[in-house]
Amino acid sequence: MPIRAVLWDIDDTLFDYSGAERAGVLRHLAAEGAALTGPGAADAVKRWNDVMALHYGRFVRGELTFGEQRRERVRGFLGEPLTDEDADAWFARYREHYEGEWRVFADVLPALEAVAAAGLRQGLLSNSAAAPQDRKLRRLGIRDRFEVLVCSDDLGCAKPDPAAFHAACMTMNLEPEEVAYVGDRWDTDAVAAAEAGLTGVWVDRSGASPTVPIGPVARITGLDELLPLVVGGGAAPGAPGGARAAALPT
Ligand SMILES: [Mg+2]
């Protein structure tokens, strides 16, 4: 069955989330009077990443609201029992710096245009809340390139649950076999999509040799490699990503 649509992950696939978060927190800490360099900066970025992973994971599992996970990240990072108001104010100051760093990756616009020019439809599936993602995509100037924005907060289920992928396909009135899912996470995005019946494409921007077996997914190191996987029958074993994956030690 030919692929009729590409469904995209957003953060660290289209939008350089990690880059914006890294630069944003360092600018914010400098503005708060804690300019950091070298190991101090690396440590601060790691601690901010760690509290994000912890509390954003709780949000994805339904344990915290989107606003609560922000407050818990601030409290965890500072190690202080801040009031909601103080935590919100700290996060708002951080967010100004973070949003000042918002960018899409350089290969995104050419890839979106190539996919559209090939006659494929495009949508978004994100483990997030729709309102902030919609706002971000509009600020980045790419929201209108996608028919649908499907977010876990509305679905009540999240990737890697097959139900999240099936819901997004249903929103586009397509069968899973007609859809390729493209994401930066090997497990949560690509393998989960493949297990849900879609074509799973892992965007491994590190370009390093994978430390995990590739499994039933195609691996690309940039979005310029995507089109051959999704036109002309889709990615099968032996397609460019699969062939390269098969050549790698596992
Ligand atoms: Mg992602």
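Residues numbered from 1 in each chain as written. Predicted model: local features only at pLDDT ≥ 70, side-chain atom pairs only at ≥ 80, totals over all residues. Heavy atoms only, no water.

Re the coordination of the magnesium ion
Right, so step 1: Only D9 (OD), D11 (O) and D184 (OD) from the protein coordinate the magnesium ion, and they sit 2.1 to 2.2 Å from it.
Right, so step 2: Positions of the donor residues of the magnesium ion, expressed as sequence spacing, correspond to D-x1-D-x172-D. Placement of the pair is D9 in the loop between strand 1 (5–8) and helix 1 (17–31) and D184 in the loop between strand 4 (179–183) and helix 9 (186–195), with a sequence separation of 175 residues.
Right, so step 3: Residue classification places D9 among the buried residues on the basis of a relative accessible area of 6%. (Donors = N, O, S within 2.8 Å, 3.2 Å for Na, K, Ca; no water. Helix = DSSP H or I, 4+ residues; strand = E, 2+ residues; numbered from the N terminus. Buried < 20%, exposed > 50% of the residue type's maximum accessible area, 1.4 Å probe, protein only.)

Considering the sheet that holds strand 2 (residues 121–126)
Right, so step 1: The parallel open sheet is built from six strands, whose spatial order is 3-2-1-4-5-6. Bordering the open sheet on either side are strand 3 (148–151) and strand 6 (218–220), each of which pairs with just one other strand. Averaged over neighbouring strand pairs, the angle between their axes works out to 25° when direction is ignored.
Right, so step 2: Pairing of strand 1 with strand 2 involves four bridges; the strand directions are parallel. In the strand pairing of strand 2, W8 is matched with L124.
Right, so step 3: Taken strand by strand, helix 6 (residues 130–139) contacts strand 2 and strand 3, and its axis lies near 140° from that of strand 3. (Pairing = 2+ DSSP bridges. Axes fitted to C-alpha atoms, helices over the stretch in contact; angles between N-to-C directions. Contact = heavy atoms within 4.5 Å.)

Structural notes on helix 3 (residues 66–78)
Right, so step 1: Taking 1.5 Å as the rise per residue, helix 3 with 13 residues should run 18 Å; its terminal C-alpha atoms sit 19 Å apart, in good agreement.
Right, so step 2: Turning to helix 3, its buried residues number three or more, namely F66, Q69, R70, R73, V74, R75 and F77.
Right, so step 3: In the core, the buried residues of helix 3 are packed alongside helix 1, helix 2 (38–60), helix 4 (84–99) and helix 6.
Right, so step 4: Positive phi shows up at G79, right after helix 3, with a value of about 65°. (Expected span 1.5 Å × (residues − 1).)

Describing the layout of surface pockets
Right, so step 1: What the largest pocket holds in volume is close to 850 Å³.
Right, so step 2: Every residue lining the largest pocket is counted, 35 residues in all, and those nearest its centre are D11, Y17, M52, Y56 and N127.
Right, so step 3: Among the secondary structure elements, those contributing two or more residues to the lining of the largest pocket are helix 1, helix 2, helix 3, helix 4, helix 6 and helix 9.
Right, so step 4: Residue composition of the lining of the largest pocket, grouped by class: 12 nonpolar, nine polar and 14 charged. (1 Å grid on protein atoms, 1.4 Å probe; cavity = no way out; pocket = protein on both sides within 12 Å on 5 of 7 lines; lining within 4 Å. Points joined across faces, edges and corners; volume = space filled by probe spheres on them. Nonpolar A, V, L, I, M, F, W, Y, C, P; charged D, E, K, R; others polar.)

Quick word on unusual backbone geometry
Right, so step 1: Residues K159 and P160 are joined by a peptide bond in cis, for which omega reads 10°.
Right, so step 2: Assignment of secondary structure puts P160 in the loop between helix 7 (152–155) and helix 8 (162–171).
Right, so step 3: Although it is not a glycine, D12 sits at a positive phi angle of roughly 70°.
Right, so step 4: Secondary-structure assignment places D12 in the loop between strand 1 and helix 1.
Right, so step 5: Although it is not a glycine, N173 adopts a positive phi angle of roughly 60°.

Here's the deal with the domain arrangement of the protein chain
Right, so step 1: Taken domain by domain, the protein chain holds domain 1 (5–15 + 103–247) and domain 2 (17–99).
Right, so step 2: Relative placement of domain 1 and domain 2: their C-alpha centres are 27 Å apart.
Right, so step 3: In this assembly, domain 1 packs against domain 2 so that about 880 Å² is buried in total across both faces, 50% of it on carbon and sulfur atoms.
Right, so step 4: Remark: the boundary between domain 1 and domain 2 carries two salt bridges.
Right, so step 5: Salt-bridge contacts for R135 lead to E99; the nearest nitrogen and oxygen are separated by 2.8 Å. (Domains from an automatic or database assignment. Buried area = accessible area lost by both parts, 1.4 Å probe. Salt bridge = Lys/Arg side-chain N within 4 Å of Asp/Glu carboxyl O.)

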